[in-house]
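Next come the chains, spelled out residue by residue.
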Amino acid sequence: GSGCFLSDACPGGQVCVAAACVTAFPRTYRVSFDNLRLSALNGAGEPWDVMGGLPDPYVVLTLGGAEVHRLSVLADRRGGSWREPVEIALEADSDLAFTVYDADPEADADERVGEVTVPNLALVVRAGGFQGMVPLLPEIEVFEMTFVPR
């Protein structure tokens, strides 16, 4: 392929790997979860924890409905970044989703904050990732993920 530095320099359907434009799919990507920030209160307008404490978020990544990776719990924090990149093989039509949970050891089950399927995976991968608000999930104020082709 032609020389490149960023994937947006490559023609459609290609990404930049080692200064060369190569096909985007099928390909393994390193996916990183760079930033998450939850709202001060949960969806019911109440404190996240029974005793009024902060949430304990973690993220589950699914591909085609099957869990492929579970990030560690960020204890007593409204969010942060994980330094746990996961390598995952993706196709152009992969059904990639993330679900944010609040770990709650005192309850019967962890609280499901929300799930988002990555829209237009090919576009997101070429852009190098996704960042911003999740409009249908007000509890998630910010969520960022990065895709690096391998």
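Chemist: Before we move on, could you go through the pairing of strand β5 (residues 66-70) and cite the residues and values that matter?
Modeler: For strand β4 (residues 57-63) and β5, the ladder comprises 4 bridges, and the chain directions are antiparallel. Within β5, the position partnered with L61 by the bridge is H69. Linking two consecutive strands that pair antiparallel, namely β4 and β5, is a turn of 2 residues; a positive phi of about 60° is found at G64 within it.

Chemist: Got a sec to walk through the pattern of salt bridges? Specific residues and values, please.
Modeler: In a structure, side chains of opposite charge can pair up when their charged atoms sit close to one another. The full count for this structure, using the stated rule, is 6 salt bridges. The salt bridge partner of E87 is R30, with a shortest N-O separation of 3.7 Å. Note that E87 is positioned in strand β7 (residues 86-90) and R30 in strand β3 (residues 27-38), a separation of 57 residues in sequence. Assessed through its relative accessible area of 29%, R30 is described here as partly exposed. Notably, a salt bridge pairs R150 with E87, separated by 3.2 Å at the nearest N-O pair. Of this pair, R150 sits in the segment after β11 (140-149) while E87 sits in strand β7; the two residues are 63 residues apart in sequence, bridging distant segments of the chain. Each of the salt bridges in this network shares a partner with another, and the network as a whole consists of R30, E87 and R150.

Chemist: Please set out unusual backbone geometry residue by residue, giving values where relevant.
Modeler: Geometrically, the link from F25 to P26 is a cis peptide bond, its omega value of -10° lying close to zero. Although it is not a glycine, A18 adopts a positive phi angle of roughly 50°. Of note, A18 is situated in the loop between β1 (14-17) and β2 (20-23). With relative accessibility at 78%, the residue A18 sits in the exposed group. If you check the backbone angles, A19 has positive phi at about 65° while not being a glycine. Tracing the chain through its elements places A19 in the loop between β1 and β2.

Chemist: Describe in detail the sheet that holds strand β8 (residues 96-102), supporting the description with residues and values.
Modeler: With respect to topology, 4 strands assemble into an open sheet ordered β5-β4-β8-β9, the strand pairing being antiparallel. Strands at the two margins of the open sheet, each flanked by one partner only, are β5 and β9 (111-117). On average, each strand axis in the sheet is inclined to that of its neighbour by 25°, with strand direction left out of account. Bridge count for β8 against β9 is 6 bridges, and the pairing is antiparallel. What sits directly across from A97, in β9, is T117.

Chemist: Would you mind going over the environment of C10 in detail, with residue names and values included?
Modeler: Here C10 is to be found in the segment before β1. Given the relative accessible area of 5%, C10 is considered buried. On a C-alpha basis, the gap between C10 and T99 in space is 31 Å, while along the polypeptide they are 89 residues apart. Not counting chain neighbours up to four residues away, the residues in contact with C10 comprise C4, V15, C16, C21 and R126.

Chemist: An account of the state of the cysteines is requested, with residue identities and associated values reported.
Modeler: The final tally for this structure, using the stated rule, is 2 disulfides. Two residues share a disulfide in this structure: C4 and C16, whose sulfurs sit 2.0 Å from each other. Classification of the bridge connecting C4 and C16 rests on its S-S torsion, roughly 95°, and on that basis the disulfide is right-handed. On the criterion of sequence distance, the pair formed by C4 in the segment before β1 and C16 in strand β1 is long-range, its members being 12 residues apart. Using a relative accessible area of 13% as the deciding quantity, one classes C4 as buried. Bridging C10 to C21, the disulfide has an S-S length of 2.2 Å. When the S-S torsion is -85°, as for the bridge of C10 with C21, the disulfide is left-handed. Here C10, found in the segment before β1, pairs with C21, found in strand β2; they are 11 residues apart in sequence, far enough to count as distant. Like C10, the residue C21 is buried in the burial classification.

What counts, and at which threshold
- Residues numbered from 1 in each chain as written.
- Predicted model: local features only at pLDDT ≥ 70, side-chain atom pairs only at ≥ 80, totals over all residues.
- Heavy atoms only, no water.
- Pairing = 2+ DSSP bridges.
- Helix = DSSP H or I, 4+ residues; strand = E, 2+ residues; numbered from the N terminus.
- Salt bridge = Lys/Arg side-chain N within 4 Å of Asp/Glu carboxyl O.
- Buried < 20%, exposed > 50% of the residue type's maximum accessible area, 1.4 Å probe, protein only.
- Axes fitted to C-alpha atoms, helices over the stretch in contact; angles between N-to-C directions.
- Contact = heavy atoms within 4.5 Å.
- Disulfide = S-S within 2.5 Å.

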